Amino acid sequence: MANEIKGRELMELAEIITKREYNWGLVRTRQFTEELVRRLCEEAGIAYTTMADSIEALYQGGFIDEASRVNLHGVRVLGNKAVHEGDNDEGDAKNAYYMYREELQKAGGKQRKVSYERTPVQYSRPGREDNDDTERSVSARNERRGEDIDIRMAGGRKRPAPKKQKQKSSGGVYGVLKWVIPALVGILLIILIISLVRSASNKPAETESETTTMESLMEEETTTEEETTEAPTEPPTTAAPAVYKINREGVNIRFANDKDRIYGKFENGTAIGPVEDFGQVELGGKSYDFVKFRYQDKDLIVCKDYIEKVE
């Protein structure tokens, strides 16, 4: 069941990127990656604090390797850039997607039910500079190089040099060629001169023929332009939904179907995506306006005073 959920997450991200909603794709990738870090901390028996500190704790404890550390920090940095700076770059969205997919594949192990290698996003990694403390390239792939094989050195043995053969006396042949070659050159020159003379005499006729051909081509182009219809314009792109984030530390997040149950605490700056009005919720004898949002396939609510719109 867990692997099926992971597969749905990848398909959701692929659909978002296919729709060119790159900013929202970066935000959702960071959300999924943060949940993955939470699960890794739970399995390792490490208390989750912030995403950055938790990744370092997993690395220092030997629960993830250097490549996973770089990937997880990479998604975190790109997600923060999308939330705080409005990053809507296609390359960043695809980079974050593939880094998350790689870590999801590691976490899923060999028993996963979904093929991580067949999600429909084409990989593209443009050149850019990360402002994060991690300066190394994320998830670098080694390119295979073809090596030329010197056949002469195959088996560690050099091919023996060919033996020089003694040149046989051929004075008679050279004597004949001495006269034949100049004669052939002279014949070729005569043929070339005749061809030039004929070409000059036929030039007016060819020009007239070319003029007729150009006129017919112009008539065909005119007819084609008249028959061509105006290409339909592309439909306008649908604007991405507004994205919200938590605006203070340690905010309680509750379940929408049971407001008394707390899902967890979100740190300041955590992106929660689009929201909708939920109504008033009474807590401690007071009523507060709450909003509803979707997070990790769960319907959750939070007080409206604790969120703000991402510009």
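Attention here is on the structure that accompanies the text. (Residues numbered from 1 in each chain as written. Predicted model: local features only at pLDDT ≥ 70, side-chain atom pairs only at ≥ 80, totals over all residues. Heavy atoms only, no water.)

1. Quick notes on the overall build of the protein chain
Step number 1: Scanning the protein chain from N- to C-terminus turns up seven helices and eight strands.
Step number 2: Looking at the protein chain as a whole, 31% of its 311 residues qualify as buried.
Step number 3: Of the contacts made within the protein chain by residues no fewer than 6 positions apart, 59% connect residues no fewer than 24 positions apart.
Step number 4: With the model as given, the accessible surface of the protein chain reaches about 21,800 Å², and the carbon-plus-sulfur share is 51%. (Helix = DSSP H or I, 4+ residues; strand = E, 2+ residues; numbered from the N terminus. Buried < 20%, exposed > 50% of the residue type's maximum accessible area, 1.4 Å probe, protein only. Contact = heavy atoms within 4.5 Å. Areas by Shrake-Rupley, 256 points an atom, 1.4 Å probe, with all protein chains shown as cover.)

2. What to know about the sheet that holds strand 2 (residues 251–255)
Step number 1: The strand order 3-2-7-6-5 describes an open sheet built from five strands, whose pairing is antiparallel. On the outer flanks of this sheet lie strand 3 (258–266) and strand 5 (276–283), each paired with one strand and no other. Averaged over all pairs of adjacent strands, the angle between their axes in this sheet comes to 40 degrees, without regard to strand direction.
Step number 2: Pairing of strand 2 with strand 7 (residues 298–303) involves two bridges; the strand directions are antiparallel. Paired with Arg 254 across the bridge in strand 7 is Ile 301.
Step number 3: On the sheet, helix 2 (residues 22–44) packs against strand 3 and strand 6 (286–295) and is oriented at approximately 95 degrees with respect to strand 6. (Pairing = 2+ DSSP bridges. Axes fitted to C-alpha atoms, helices over the stretch in contact; angles between N-to-C directions.)

3. Thoughts on the packing of helix 2 against helix 4 (residues 66–85)
Step number 1: Running from N to C, helix 2 and helix 4 point in directions that differ by 140 degrees, and their axes come no closer than 8 Å. If you check the angle between helix 2 and helix 4, you find them oblique. In the packing of helix 2 onto helix 4, the handedness of the crossing is left-handed. Judged by residue contacts, Asn 23, Leu 26, Val 27, Thr 29, Arg 30, Thr 33 and Val 37 of helix 2 engage Leu 72, Val 75, Arg 76, Leu 78, Gly 79, Asn 80, Ala 82 and Val 83 from helix 4.
Step number 2: Here the contact of helix 2 with helix 4 is composed, by residue class, of eight nonpolar, five polar and two charged. (Parallel < 35°, antiparallel > 145°, perpendicular 65-115°, else oblique. Left-handed = near helix turned anticlockwise from the far one by under 90°. Nonpolar A, V, L, I, M, F, W, Y, C, P; charged D, E, K, R; others polar.)

4. Section: unusual backbone geometry
Step number 1: Phi at Arg 20 takes a positive value of approximately 65 degrees, unusual for a residue other than glycine.
Step number 2: In this structure, Asp 297 is a non-glycine residue whose phi angle is positive, near 60 degrees.
Step number 3: Mapped onto the secondary structure, Asp 297 falls in the loop between strand 6 and strand 7.

5. Details of the pairing of strand 2
For a regular strand, side-chain orientation follows a simple rule: the groups alternate between the two sheet faces.
Step number 1: Counting buried positions along strand 2 yields four of five residues, so the element is predominantly enclosed.
Step number 2: Examined bridge by bridge, strand 2 and strand 3 share five bridges and lie antiparallel to one another. Residue pairing for strand 3: Asn 252 is matched across the bridge by Lys 265.
Step number 3: Linking two consecutive strands that pair antiparallel, namely strand 2 and strand 3, is a turn of two residues.

6. Description of the pattern of salt bridges
Step number 1: In total, this model carries 13 salt bridges according to the counting rule given.
Step number 2: Taking the shortest distance from any N to any O, the salt bridge between Glu 15 and Lys 19 comes out at 3.4 Å.
Step number 3: Asp 299 is paired through a salt bridge with Arg 294; the nearest N and O atoms lie 2.8 Å apart.
Step number 4: Taking the relative accessible area as the measure of exposure, Asp 299 reaches 33% and is therefore partly exposed. (Salt bridge = Lys/Arg side-chain N within 4 Å of Asp/Glu carboxyl O.)

7. Considerations on the nonpolar core
Step number 1: By size, the foremost hydrophobic cluster in this structure holds 25 residues, and its most contacted members are Leu 26, Val 27, Tyr 97 and Tyr 100.
Step number 2: Only helix 1 (2–18), helix 2, helix 4 and helix 5 (90–108) provide two or more residues apiece to this core.
Step number 3: Per element, the largest residue contribution to this core is seven residues, and it comes from helix 5.
Step number 4: Judged by nonpolar contacts, the second largest core, of 12 residues, contains Ile 246, Ile 253, Ile 272 and Val 291. (Core = buried A, V, L, I, M, F, W, Y, C linked by side-chain atoms within 4.5 Å.)

8. Considering the side chain of Ser 54
Step number 1: Turning to its location among the elements, Ser 54 is positioned in helix 3 (residues 51–60).
Step number 2: Its relative accessible area of 1% is what places Ser 54 among the buried residues.
Step number 3: A polar atom in the side chain of Ser 54 sits 3.2 Å from the backbone nitrogen of Thr 49.
Step number 4: Non-local contacts of Ser 54, meaning those with residues more than four positions away in its chain, are made with Val 37, Cys 41, Tyr 48 and Thr 49. (Polar contact = N/O pair within 3.5 Å; in protein donor to acceptor, adjacent residues only side chain to side chain.)

9. Some words on the side chain of Thr 33
Step number 1: Turning to its location among the elements, Thr 33 is positioned in helix 2.
Step number 2: The class for Thr 33 is buried, based on a relative accessible area of 1%.
Step number 3: For Thr 33, the residues in contact, after removing those within four places along its chain, are Met 51, Leu 72, Val 75 and Tyr 100.

10. Brief notes about helix 5
Step number 1: When the terminal C-alpha atoms of helix 5 are compared, their 27 Å separation across 19 residues agrees well with the 27 Å that a helix rising 1.5 Å per residue should span.
Step number 2: Counting buried positions along helix 5 yields 15 of 19 residues, so the element is predominantly enclosed.
Step number 3: The N-cap of helix 5, judged by a side-chain oxygen 3.0 Å from the amide nitrogen of Gly 91 a few residues on, is Asp 89. (Expected span 1.5 Å × (residues − 1).)

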